[in-house]
Number of protein chains: 2
Amino acid sequence: MQRAPARPGDPLAAVETPALCVDLEAFERNLDRMAHATRGIRLRPHAKSHKTPEIARAQIARGAIGVCCQKTDEAAAFVEAGIPEVLVTNEVVGPAKVRRLADLARHATIGVLIDAPAVVPLLAQTARAAGVLLDAYVEIDVGAHRCGVAPGVPAAELAGAIAAAPGLRFKGVQAYHGPAQHLRTPAERNAAVEAAAAHVRATRAALAQARIACDIVTGAGTGTWQHERDSGVYDELQPGSYVFMDADYARNVAGADALAFEQSLFVIASVMSTPAPDRAIVDAWLKAFSFDAGPPVVHGRAVAHYVKASDEHGVLRIDRGSPIGLDERIWLVPGHCDPTVNLYDFLVAIRDGIVEGIWPIEARGALG
Amino acid sequence: MQRAPARPGDPLAAVETPALCVDLEAFERNLDRMAHATRGIRLRPHAKSHKTPEIARAQIARGAIGVCCQKTDEAAAFVEAGIPEVLVTNEVVGPAKVRRLADLARHATIGVLIDAPAVVPLLAQTARAAGVLLDAYVEIDVGAHRCGVAPGVPAAELAGAIAAAPGLRFKGVQAYHGPAQHLRTPAERNAAVEAAAAHVRATRAALAQARIACDIVTGAGTGTWQHERDSGVYDELQPGSYVFMDADYARNVAGADALAFEQSLFVIASVMSTPAPDRAIVDAWLKAFSFDAGPPVVHGRAVAHYVKASDEHGVLRIDRGSPIGLDERIWLVPGHCDPTVNLYDFLVAIRDGIVEGIWPIEARGALG
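About the thresholds
Here, residues in each chain are numbered from 1, in the same order as that chain's written sequence. Chains and ligands are labelled by the order in which they are written, letters from A for the one and numbers from 1 for the other. pLDDT decides what is reported in this predicted model: residues at 70 or higher carry local features, side-chain atom pairs at 80 or more are listed and counted, and totals for whole chains, interfaces and linings draw on all residues regardless. Excluded from the side-chain calculation are hydrogens and water; included are all heavy atoms of the structure. Numbering of helices and strands runs from the N terminus, with a helix taken as a DSSP run of H or I at least four residues long and a strand as a DSSP run of E at least two residues long. Our radius of gyration is a C-alpha quantity, and the globule rule it is checked against amounts to 2.2 Å times the number of residues to the power 0.38. Burial classes: relative accessible area under 20% of the type maximum marks a residue as buried, over 50% as exposed, and values in between as partly exposed (1.4 Å probe, protein chains only). Contacts: residue pairs with any heavy atoms within 4.5 Å of one another. Reported accessibility uses the Shrake-Rupley method at a 1.4 Å probe radius. Residues are deemed covered only where the shown protein chains occlude them. All tallies of charge rest on Lys and Arg as positive and Asp and Glu as negative; His and the ends of each chain are not included. Where a charge sits is defined by one atom per residue type, namely NZ (Lys), CZ (Arg), CG (Asp) or CD (Glu). Whether two strands pair depends on DSSP finding at least two bridges between them. Crossover handedness is defined by viewing with both strands directed away from the observer: a clockwise path from the first strand over the helix to the second marks the crossover as right-handed.

**Some points on the overall build of chain A**
Right, so step 1: Within chain A, the regular secondary structure consists of 10 helices and 17 strands.
Right, so step 2: Taken against the 2.2 N^0.38 rule, which gives 21 Å for 368 residues, the C-alpha radius of gyration of chain A at 22 Å falls within 12% of a compact globule.
Right, so step 3: Seen through its C-alpha atoms, chain A measures out along the principal axes to roughly 70 × 45 × 35 Å.
Right, so step 4: Looking at chain A as a whole, 63% of its 368 residues are labelled buried.
Right, so step 5: For chain A, long-range pairs separated by at least 24 residues make up 70% of all intrachain contacts whose partners lie at least 6 apart in sequence.
Right, so step 6: Carbon together with sulfur atoms contributes 54% to the accessible area of chain A, which is approximately 12,600 Å² in total.
Right, so step 7: For chain A, the centre of its 36 positive side-chain charges and the centre of its 42 negative side-chain charges are spaced 2 Å apart.

Rendered as structure tokens:
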């Protein structure tokens with residue numbers, strides 16, 4: 001467990017590095033913009049990005065109907081924090097995990113995805129034994145080729161099996177296109193969501209044919225949510241990263257209708273060695289960032305470039321004639337926000353150069 | 001904070017996934033082999049790999065003189081656990097961190113690296129104010145081009161400044177070649193360490209010239225330690241990963257004299273979806289592994305291959321005709337052990353298919 005790197009009221013300079021920080025002004029503008037742009041459609045932001053009940057509460061205060069989680073343990077952290085509506089956007093298998101999921105439904109409305117008839121009996125029996133109803137969503141494969149049953153008739157058949165299982169309440173369809181979030185041009189993202197929407201329509205038609213009511217089609221992420229919102233077939237949107245943004249989302253080319261979400265998440269690092277005029281070493285490296293979407297990007301210092309991380313060292317290349325001093329602070333934008341947040345136990349919330357809050361990242365490490 | 005995924009005495013099947021597990025038989029053989037092979041030279045294993053006091057104690061019980069750490073907070077976790085000798089193999093800058101480092105020296109022998117004269121006064125004054133002596137090692141750049149002063153005369157000059165500073169005790173030289181650990185052939189690794197050893201010799205000569213005693217030259221890692229051991233110029237070895245090994249170290253070609261360290265670290269995952277005959281989705285992905293050295297490798301199942309991870313899903317490609325069932329356990333070898341261990345709060349220690357212990361990874365997230 002980390003030590004909290006600051007205390008409320010501390011000036012920025014007193015924050016110990018490396019620290020994961022959120023710029024509250026940019027963060028709140030992001031929340032407000034999304035809330036405004038999704039009026040008329042359900043917003044259920046994905047909490048896998050932030051893992052922080054304080055942020056879930058800020059989203060719900062602006063109209064979100066609850067949150068999505070990715071894992072049963074993640075859901076447990078949010079239910080414990082009082083969030084009343086949690087959808088686990090994932091398949092949950094195995095008796096122990098299913099039992100924990102059902103236990104959560106005693107305290108909150110819990111949804112879960114299903115993509116195979118084989119898992120229906122265990123989920124249904126466990127829910128009944130716990131005296132609860134679990135909301136079940138059929139996950140369809142809309143082109144990501146990860147989890148998901150085939151759209152259309154196979155999805156409707158699975159929905160029928162769910163609807164017939166006491167303990168489960170068939171609630172709707174999960175139609176999330178993960179890879180589409182990071183397609184670089186708006187045209188590519190739009191085409192991917194158009195294809196997903198066609199799969200949703202086929203599934204809605206097959207459900208209607210089978211006389212199975214479908215309350216909610218849910219999906220979308222920070223890269224595509226405007227397309228799902230405008231598709232006419234989604235009832236609920238699940239973007240997560242918009243609260244923070246990251247260097248990878250910054251590489252997406254915005255569409256004409258794009259909302260400008262701002263970078264609000266930073267790791268503040270310190271220079272711990274300046275062994276050569278063109279090189280500075282910072283104290284944030286492989287254990288301070290997830291590098292799956294590339295290295296972090298130096299913020300606000302055009303002369304410095306994060307070029308390499310090892311276990312040991314984050315290496316900045318410094319442009320000629322622009323020396324950076326020992327113990328100087330460097331602000332870094334994570335390459336990928338979600339797995340970077342998962343490395344920290346605390347988020348330092350900053351406004352006007354002062355630490356306003358230390359937010360526990362309660363669901364950090366919630367893998368089960 | 002994670003929930004512990006098992007309890008001592010549980011059978012393997014009761015361990016909840018994903019779980020970070022250590023195979024105690026392989027682990028103990030690794031410890032014994034290294035202890036045996038380093039008789040006659042000081043072994044100070046690097047604890048950044050395991051971050052676990054239980055493991056440090058097992059190393060010390062076999063003759064290690066203490067541990068290395070990478071961060072002040074990491075050192076604090078080991079000092080608190082009673083480890084008497086901790087070398088922070090890193091530069092420590094800034095008043096707050098230096099003060100915490102000096103405080104640790106009240107309870108244990110603490111060493112730290114210095115690679116610039118500018119940091120000597122703060123370290124010395126803070127140590128004096130705390131009424132302690134800090135062991136100071138000059139870090140020389142032996143070819144990694146990260147931190148480190150130039151070998152030879154510049155290193156000796158820095159050592160002179162340290163020796164003249166009350167509060168600091170000049171103890172020796174850190175000469176670690178990080179990139180050499182992962183050079184693939186023994187000849188490449190040997191050449192890199194030969195070059196490092198030449199830099200050490202030049203530095204020893206410059207120190208002798210300046211009449212500065214050098215107790216300890218320290219360095220080496222799991223990829224190269226035999227070369228440093230046999231070089232005649234190192235007094236102390238710092239390998240860390242040998243306790244666990246990983247998929248990246250497995251790609252090193254062993255030398256004729258290589259000791260066979262065994263893979264002892266695994267993530268046990270479960271199959272949560274089998275949407276197609278050639279595809280299975282497991283519950284361990286970007287937040288369960290560090291991917292900086294490539295994806296994890298499936299252990300003991302030649303028919304399954306970990307091909308892709310997203311935030312959401314770990315995708316296995318399954319060879320034709322070899323179906324893998326829902327909720328089946330898959331053992332995965334992490335690509336890179338150190339940053340993967342840093343994702344977990346507990347290590348599940350397994351012997352003969354039974355959970356023998358749950359070891360808290362006390363220094364997880366210790367970034368400061």
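From this point, things continue past the structure.
**Focus on the pairing of strand E5 (residues 109–114) of chain B**
Regular strands show a simple pattern: their side chains alternate between the two faces of the sheet.
Residues and elements named next belong to chain B.
Right, so step 1: Judged by how many residues are buried, E5 sits mostly within the fold: 5 of 6 residues are covered.
Right, so step 2: In this structure, strand E4 (residues 85–91) lies alongside E5, joined through 5 bridges in parallel fashion. The residue bridging Val 86 from the neighbouring strand is Ile 110, located in E5.
Right, so step 3: On the question of chirality, the crossover connecting E4 to the parallel E5 by way of helix H4 (residues 95–104) is right-handed.
Right, so step 4: Both E5 and strand E6 (residues 134–139) contribute to a ladder of 4 bridges, which runs parallel. What sits directly across from Leu 113, in E6, is Tyr 137.
Right, so step 5: As a crossover connection, the stretch from E5 through helix H5 (residues 120–130) into E6 is right-handed.

**Here we look at the pairing of strand E7 (residues 168–174) of chain A**
Residues and elements named next belong to chain A.
Right, so step 1: Most of E7 sits out of view: 6 of its 7 residues are buried.
Right, so step 2: Sheet analysis places strand E6 (residues 134–139) next to E7, joined by 6 bridges and oriented parallel. Across the sheet, residue Asp 135 finds its bridge partner in E7, namely Arg 169.
Right, so step 3: Following the chain from E6 across helix H6 (residues 153–163) to the adjacent parallel E7, one finds a crossover that is right-handed.
Right, so step 4: Judged from the 3 bridges that link them, E7 and strand E8 (residues 216–219) form a sheet pairing that is parallel. Directly across from Val 173, in E8, lies its bridge partner Val 217.

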